[in-house]
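# Breakdown of the fold
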Amino acid sequence: MPEQRSAAGGPWLRLKHLSFSHGPRVILKDLSLDLFPGRHYVIAGPNGAGKSTLLDLLARLRRPLRGQIELKDKPLEAYTSLELASAVSLAPQSSKFDFAFTVREVIRLGRRPYLGRWGRLKPDDEIIVDQVISTLHLGRLAEKPVTNLSGGEAQRVVLARTLAQATPVILLDEPTNSLDVAQALDLMGTLSDLAAQGALVITVTHDLNQAATFADEIIFLKDGSLVAAGPKETTLTADLLSLVFEAQAQVRSDEFTGGLALSFRRSRMPSSETH
Amino acid sequence: MTVAPPRRLSPYMMGLVLSVVLVVVAIISLASGYMSFTASEIIDVLWSKLTGSEADVAYNRAMVLLEVRLPRLATAIFAGAALGLSGAVFQGLLLNPLADPYTLGVSSGAAFGASLVLVGTMVLPWASFLATPMAPAIGAFLFSALTLRLVIALASDSDRHLSPASLILSGVILSAILSAGISFIKYLAGDQVSSIIFWLLGSFQARTWVDALLVLVFLLPSLALSLTSATDLNIMTLGFKSAETLGVNTAKVRLRLLAAASLAASASVAVAGIIGFVGLIVPHLVRLLTGPDHRSLLPLSTLGGAVLLCAADTVVRAFLPGEIPVGVLTALLAGPAFMVIFRRKMRDLIHA
């Protein structure tokens, strides 16, 4: 589905001195970063660090106050909305449905950037929709109305809709939020597979152990600034984690998963809670 | 691959059924009343009118059909269509099951604008240039658009998010203010107040071809704007972020659809006064039967609104003693349905 790694091997996304404010509140400060295809990036950081805002800027849902984003050497501003929709997809956090479309109908809406005004799907589009349905194990639910789904099911439908868009860049805002353990592992595995096939996948998550298992690269944000970015082997260190999350951190290699295991504890207990 | 769940009707079938029902109800409507006609007489008169030949029906009887019943029927059909369409667009766009021109205060805004123009032409000598059939409709459109703007501004929170409950409350607040405004206009109208009162209650009595054409002139562009945005509207029900990242310019589509819905609602109010709940009930029934896809929901709600209002007007004109305003009948019938929807959706609304 996603395009192969670009011949030049250069970054697909270049963030140049990116800043963003919401009224008087500064949300992102002078962020510069290059993101490459074939990698799965996880954006992590405490609440209010600006993670979701960064995703919004990458999806052009908000415009940066200063600085610029380039997608494949072209400013994001220069893309038409359809060009952008066939290059970048976003799975938003909220997955509330108001109308009783079926699961399949919602996923078919993901093909919108490639269709005409009346939204008719061609056989190729239907094949992609079927693939996504089977990848996310939604076959049993395909003809059910989305208004009757559980939280986890609805979230998988949002993801399926996003994957049906079949874009080279895929952005996900806390995609495993209401999934159970097995579903979350499956989903993160799917995302890493997409990256391995050449996509540029960017996930915002609070689950650092998930990040340790499935990410290639970690981007740490705190108070709107970039603290560190790089391969997880160099960024998932006790010192960096303690700095970003303001808690004592321990990182050890985990035989069970074959990856890293992270644990945290607060150094000082707040006095009100000691009694 | 297009496996529809078994409990949904095919939109084409639904369209066919509604069209047939509309024709049947229209014929019954033309046939019944103070003067009754047979179906063959009706067809004879219509046919001879279309072909310019001589009908076998007495001249004055033919005139009753062509100049009294038919224009009234056409006005009711077009106004019903406009209300059905308007309600379906509002509900889809505002993600609100309770939205329709009436609950949003748009009808009150339109009524205020139209009565302002009407009374203006009565009491102000210099405003007599406004005494054309088009002027109240334009006044209705301007004020309905303004009302809608105010309701949305009032209901939006800091993130410009519209919760269903706050939207309806804002509609109620604006409606209350506008009702007071309308009362003031009535007071200014003095002796001529009765014509305004009757019009405001919602009625198709003594409507002419001019009225029918007027609604049509507003309805057609509204229909064109809505239908060409139907696919985008489907995507916008997924929420702002999803729609924008799928390439939909939500601000533009939203403006188009709000304009379309106001246009349709104000046309209906300008010729027929405030007729509540048609725009609320019809899209619900259609969605229940054929599903939420706006590509079929919008045209079918248009057709459904036409059927409902055509039938309701026939009942008040030909089958009920005296002639109660049709707006009273639709409110009496659809009000309880509104209560059912409200009960079913209330939990979602409070927590939205």
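Our subject is the structure listed above.
Residues numbered from 1 in each chain as written. Chains lettered and ligands numbered in written order. Predicted model: local features only at pLDDT ≥ 70, side-chain atom pairs only at ≥ 80, totals over all residues. Heavy atoms only, no water.

## What about the pairing of strand 1 (residues 13-22) of chain A?
All names here are of chain A. Of the pairings in the sheet, the one linking strand 1 to strand 2 (residues 25-35) comprises 7 bridges and is antiparallel in character. Its bridge partner being in strand 2, Arg-14 is matched across the sheet by Asp-34. Hairpin geometry of strand 1 and strand 2 is characterised by an intervening segment of 2 residues between the two adjacent antiparallel strands and by a positive phi of about 60° at Gly-23. Here strand 1 pairs with strand 4 (residues 66-71) via 5 bridges, running antiparallel. Bridging from a neighbouring strand, Leu-13 pairs with Leu-71 of strand 4. (Pairing = 2+ DSSP bridges. Helix = DSSP H or I, 4+ residues; strand = E, 2+ residues; numbered from the N terminus.)

## Looking at the sheet that holds strand 1 of chain A
All names here are of chain A. Pairing in this open sheet of 4 strands is antiparallel, and the strands run 2-1-4-5 from one edge to the other. Both outer strands of the open sheet, strand 2 and strand 5 (74-75), are each paired with one neighbouring strand and no more. One ladder, built from 2 bridges, connects strand 4 with strand 5; its direction is antiparallel. Each residue of the ladder has a partner; that of Glu-70, found in strand 5, is Pro-75. Contacts from helix 1 (residues 51-58) reach strand 1, strand 2 and strand 4 within the one sheet, and its direction differs from that of strand 1 by about 120°. (Contact = heavy atoms within 4.5 Å. Axes fitted to C-alpha atoms, helices over the stretch in contact; angles between N-to-C directions.)

## With respect to the environment of A:Phe97
Looking at the secondary structure, you find A:Phe97 in the loop between strand 6 (88-91) and helix 3 (103-109). Residue A:Phe97 is classed as buried on the basis of its relative accessible area of 15%. In the structure, A:Phe97 is positioned 14 residues away from A:Glu83 in sequence and 26 Å away in space, judged by C-alpha atoms. In contact with A:Phe97, not counting residues within four places along its chain, are A:Val106, A:Val146, A:Thr147, A:Ala154, A:Val157, A:Val158 and B:Leu238. (Buried < 20%, exposed > 50% of the residue type's maximum accessible area, 1.4 Å probe, protein only.)

## Structural notes on the side chain of B:Ser170
Residues and elements named next belong to chain B. Inspection of the secondary structure assignment puts Ser-170 in helix 6 (residues 164-189). You can call Ser-170 buried: its relative accessible area is 4%. Of note is the side chain of Ser-170, whose polar atom sits 2.7 Å from the backbone oxygen of Ser-166. Those residues in contact with Ser-170 that lie beyond four places of it in its chain are Val-151, Leu-154 and Ala-155. (Polar contact = N/O pair within 3.5 Å; in protein donor to acceptor, adjacent residues only side chain to side chain.)

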